[in-house]
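Structural features, examined
What follows is the residue order along each chain.
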Amino acid sequence: MNVLDAIQQRRAVKHFDPNHQMPAEIERQLLEAVQYAPTSFNIQHWRFVIIRDPDQRHALKQAAWHQVQISDASLVVVICADIQAWQKQPERYWSHLPDQAIQHTLLQMLTDFYRDRPQTQRDEALRSVGIAAQTLMLAAQGLGYDSCPMIGFEADAVSQLIQLPEDHLIGMIVSIGKPLQSAFPRGRTLTYTDLVFNNHF
C-alpha cells in the first residue's frame, strides 16, 4: 500500500475478529518494521511486550477497563521504553561505524545531552514510543490489518502484569487485527490554516 494511502486509511478500530490468527511471519514483519523508526542518537528506547497468554490477556483487559480489543485482537503489544537506554552500553549504537573517532564523538554527544537531565530522558523515551507506535500501525495498515492505539488502562496494574523494570515506562498499548466493524466516522479535522504557521504564531 502507498504510504500516503496508509496514513489516510488508518483508523482506530475497536472490534476485531477474535478467530483470526495472525501468521507468525506477518507478526515478525511488523515488529521488524518498527525497528526502523527513528530515535535520538539511535538509542532505540522502545521495548515491545506481546501479550499472548489467555490469562494475561484477561488480566490486561481488566486493567484496560474491559475494552474488547484486548481480548479480540490478533496481536496486542504493550509499547514500553527504557528511560535509561542512553547509558546502557551506548557504544553499541554506533559500533558498526569504521571510524572510531566518529564513534567517540557520537558517544560523547549522547552522554552530554542526557546526563543529569531526567526530564529530557523521559520526554525522549515517550517521543520514541509515539514514533514507534505510529510506525507499527502504518505497517499493519500496509499489510492489510487495522489497529487501535490505547491509553485507557491502569498503568500500575499493567506494570505489575508485565513486570515492568523500574527504569522503564509504558507509553501505550496497540491492538492489531482484522476488523469486524468499521471504525466510527472520522472526526472533523482542523483546517490547514488552524494548524500551519509560517515562521511564528
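Residues numbered from 1 in each chain as written. Predicted model: local features only at pLDDT ≥ 70, side-chain atom pairs only at ≥ 80, totals over all residues. Heavy atoms only, no water.

As for the sheet that holds strand β1 (residues 46–50)
How we decide: Two strands pair if DSSP finds at least two bridges between them. Strands are runs of DSSP state E lasting at least 2 residues, helices are runs of H or I lasting at least 4, and numbering of each runs from the N terminus. Lines fitted to the C-alpha atoms define the axes, with helices restricted to the stretch that makes contact. Angles between their N-to-C directions range from 0 to 180 degrees.
Spatially, β1-β2-β4-β3 is the arrangement adopted by the four strands of the open sheet, whose pairing is antiparallel. Because the sheet does not close on itself, it has two edges, and the strands there are β1 and β3 (146–150). Neighbour-to-neighbour, the strand axes of this sheet turn through a mean angle of 25°, independent of strand direction. Of the pairings in the sheet, the one linking strand β2 (residues 75–82) to strand β4 (residues 168–177) comprises eight bridges and is antiparallel in character. For Leu75, the partnering residue across the bridge sits in β4 and is Ile176.

Some words on the packing of helix α2 (residues 24–34) against helix α6 (residues 118–142)
Defined as follows: Note on terminology: angles under 35 degrees are roughly parallel, angles over 145 are roughly antiparallel, angles of 65 to 115 are roughly perpendicular, and the others are oblique. Handedness of a crossing follows from how the near helix is turned relative to the far one, being left-handed for an anticlockwise turn of less than a right angle and right-handed for a clockwise one. In this description, contact between two residues means that some pair of their heavy atoms is separated by no more than 4.5 Å. Side-chain classes follow a simple rule in which Ala, Val, Leu, Ile, Met, Phe, Trp, Tyr, Cys and Pro form the nonpolar group, Asp, Glu, Lys and Arg form the charged group, and the remainder, Gly included, forms the polar group.
In the contact formed by α2 and α6, the axes pass within 9 Å of each other and the chain directions differ by 140°. Of the possible angle classes, the one that applies to α2 and α6 is oblique. Considering how the two elements wind past one another, α2 and α6 form a crossing that is right-handed. Across the interface between the two elements, Leu30, Ala33 and Val34 of α2 pack against Ala132, Thr135, Leu136, Ala139 and Ala140 of α6. Class assignment for the residues of the contact of α2 with α6 results in seven nonpolar, one polar and no charged.

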